[in-house]
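Summary of the model geometry
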Amino acid sequence: MKFLLITLITHLDPAKTTRQRFREVVDNAVLAEELGFDGYGVGERHERPFISSSPPVVLSHIAARTSRIRLFTAVTTLSLLDPVRAFEDYATLDNLADGRLELIIGKGNGTAQAELFNVTAEDQWDRNRESYELFRELWRSPRVTWQGRFRPPLRDAEALPRPLQQPIRVWHGSATSRASVELAARYGDPLFSANVTNPIEPYAELIRHYRERWAYHGHDPAKALVGAGSAGYYAARSSQEALETYRPVFDARLAAFTRLGLTPVFPTLEDAIERGSILVGSPQQIVDKVHRYHAEFGHEVMHLHADGDGLTEKQHRATLELFQSDIAPVLRRSLPSRPLGGE
């Protein structure tokens, strides 16, 4: 199994400047490479409390500070972006990162971003599909002639620079909609399940649907590739220590939901551990839980949160070190996976 750290770059601490928060994100990416994680992902959001509106810029800085780790977007919101401009940004990043870029695309979340970019709930999936189809063609072809609904046509157009990777692996981020699953299956692309908000069942059902549609479109079932997220992580030598340390973090998350008027799916930390994808406990408990999820998903890639999430810097580093020393080696041996792109 391969392991990523992913951040959506939330900015909630009024005592921390935007500059400091970005430095923290980049430093966490350097730490991820130092500890042996396979990838580091940066999300894209266009509303509070996130400051992740420009992942290519952040990932370019991370590329300059690292040399090995794969760089993911999580997700690139193609429903909001001009696909030509997105291609130019990411082809540039692909060259600067020596071909370490991997894209996870999706329509994105939130009403504010739709208002900023004049995207409606009725057309967002059509925009996502059309933008991806053009983006895909631009990446593969030096000159493109194309016509769609949402942007002016192209006639023998050349978009530069040409990317380093040919082609690039594009994952399709999925939460609950079958539209993203269908797009991934149609083009023979991997699927990355969010697996964060709900119990396992709806995500497992969507992944089964992906595999069915994959076969329907004529692809070899053995080549389907799935990744999955997790709703939080903290490991300690004993489950008691893990629960005691992580409980204030979880309680702060519940309080944030309450302030936003949201009803949490898991009202207690124990319930979240029992029914959700949160990984809190001893190394053996986390290994066992990942195996249970793998039995349903068959996933080969998994992400953890990159941010300390209320932990001290020392606690954050220690639990990531414990993951790499006691958890990752066991899962890598027991759950083999194919290489990430470029390996």
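Here the structure is a predicted model, which is why all the values come from computation and not from measurement.

Quick notes on the UniProt feature "domain: Luciferase-like" (unreviewed entry) in the protein chain
When the UniProt feature table is mapped onto this chain, "domain: Luciferase-like" (unreviewed entry) is found at residues 1–295. Helix makes up 46% of residues 1–295 and strand 16%. Its end C-alpha atoms lie 13 Å apart.

A word on the packing of aromatic side chains
In total, this model carries 12 aromatic pairs according to the counting rule given. Both rings, one in Phe72 and one in Trp171, keep their centres 6.5 Å apart while their planes meet at 50°; by these two values the pair is tilted. Note that Phe72 is positioned in strand E3 (residues 70–73) and Trp171 in strand E8 (residues 170–174), a separation of 99 residues in sequence. One aromatic cluster is present, built from ring pairs that chain together Phe3, Phe37, Tyr233 and Phe323. Geometry around Phe50 places Arg45 over its ring, the cationic atom sitting 5.7 Å from the centre. Above the plane of the ring of Tyr216 lies Arg213, whose end atom (NZ or CZ) is 4.1 Å from the centre.

Here we look at the packing of helix H1 (residues 18–35) against helix H11 (residues 313–334)
Axis separation between H1 and H11 bottoms out at 10 Å; the angle between their running directions is 30°. By the angle between their axes, H1 is roughly parallel relative to H11. H1 and H11 meet at a crossing whose hand is right-handed. Taken together, the residues of H11 that come into contact with H1 (itself represented by Asn28, Leu31, Glu34 and Leu35) are His316, Arg317, Leu320, Glu321 and Gln324.

Considerations on the packing of helix H10 (residues 283–297) against H11
One can describe the packing of H10 onto H11 by two numbers: an axis separation of 10 Å at closest approach and a directional angle of 35°. Both H10 and H11 take part in a crossing whose hand is right-handed. Together, Pro283, Ile286, Val287, Val290 and His291 of H10 and Leu322, Asp326, Ile327, Val330, Leu331 and Ser334 of H11 make up the contact between the two elements. Along the lines of polarity and charge, the residues of the contact of H10 with H11 split into 8 nonpolar, 2 polar and 1 charged.

Some thoughts on the pattern of salt bridges
A complete count under the given rule lists 26 salt bridges for this structure. For Glu24, the salt bridge goes to Arg21, with nearest N and O atoms at 2.8 Å. One end of the pair, Glu24, and the other, Arg21, are both in helix H1, 3 residues apart, so they sit about a helical turn from each other. In this structure, Arg70 engages Glu102 in a salt bridge whose closest nitrogen and oxygen atoms are separated by 3.2 Å. Here Glu102 lies in strand E5 (residues 101–106) and Arg70 lies in strand E3, a separation of 32 residues in the sequence. In this structure, Arg70 and Glu102 share a single accessibility class: buried. It is possible to trace a salt-bridge network through shared partners that takes in Lys16, Arg21, Glu24 and Asp307.

Quick notes on the nonpolar core
Within the largest apolar cluster, 60 residues are counted, with the highest numbers of intra-cluster contacts made by Phe37, Tyr40, Ile62, Tyr233 and Phe323. Contacts of Ile62, omitting those with residues within four sequence positions, involve Val26, Ala29, Tyr40, Val42 and Leu71. Residues Ala204, Tyr210, Tyr293 and Phe297 belong to the second largest nonpolar core, which totals 16 residues.

As for the environment of Pro267
Structurally, Pro267 is set in the loop between helix H8 (239–259) and helix H9 (269–275). Filtering out sequence-adjacent residues up to four positions away, Pro267 remains in contact with Phe250 and Leu254.

Things to note about unusual backbone geometry
Here Arg48 and Pro49 are connected by a cis peptide whose omega angle stands at 5°. Examined against the element boundaries, Pro49 turns out to sit in the loop between strand E2 (39–42) and helix H2 (55–65). For Asp156, which is not glycine, the phi dihedral falls at a positive 50°.

Observations concerning H11
Here H11 spans 31 Å end to end across 22 residues, near enough to the 32 Å set by a 1.5 Å rise per residue. Where H11 bends most, at Ile327, the angle is about 45°, and the proline Pro329 comes one to four residues later. Taken as a whole, H11 has its buried residues at His316, Thr319, Leu320, Leu322, Phe323, Gln324, Ile327, Ala328 and Leu331.

Remarks on the environment of Ile207
The residue Ile207 is located in helix H7 (residues 200–216) in this model. The sequence separation of Ile207 and Gly229 amounts to 22 residues, and the corresponding C-alpha distance is 13 Å.

Topic: H2
Among all positions of H2, only Pro55, Pro56, Val58, Leu59, Ile62 and Ala63 are buried. Projected down its long axis, H2 shows its buried positions confined to an angular sector of 160°, all on one face. Opposite the buried face of H2, at more than 90 degrees from it, the exposed residues are Val57 and Ala64. The inward-facing, buried residues of H2 abut H1, E2, E3 and helix H3 (83–96).

What counts, and where the lines are drawn
Residues numbered from 1 in each chain as written. Predicted model: local features only at pLDDT ≥ 70, side-chain atom pairs only at ≥ 80, totals over all residues. Heavy atoms only, no water. UniProt positions renumbered as here; feature names shortened; annotations may be inferred. Helix = DSSP H or I, 4+ residues; strand = E, 2+ residues; numbered from the N terminus. Phe/Tyr/Trp six-rings, centres within 6.5 Å; stacked < 30°, edge-to-face > 60°. Lys NZ or Arg CZ within 6 Å of the ring centre and 35° of its normal. Axes fitted to C-alpha atoms, helices over the stretch in contact; angles between N-to-C directions. Parallel < 35°, antiparallel > 145°, perpendicular 65-115°, else oblique. Left-handed = near helix turned anticlockwise from the far one by under 90°. Contact = heavy atoms within 4.5 Å. Nonpolar A, V, L, I, M, F, W, Y, C, P; charged D, E, K, R; others polar. Salt bridge = Lys/Arg side-chain N within 4 Å of Asp/Glu carboxyl O. Buried < 20%, exposed > 50% of the residue type's maximum accessible area, 1.4 Å probe, protein only. Core = buried A, V, L, I, M, F, W, Y, C linked by side-chain atoms within 4.5 Å. Expected span 1.5 Å × (residues − 1). Bend = angle between axes of the 7 residues up to and from the residue. Arc of directions from axis to C-beta.

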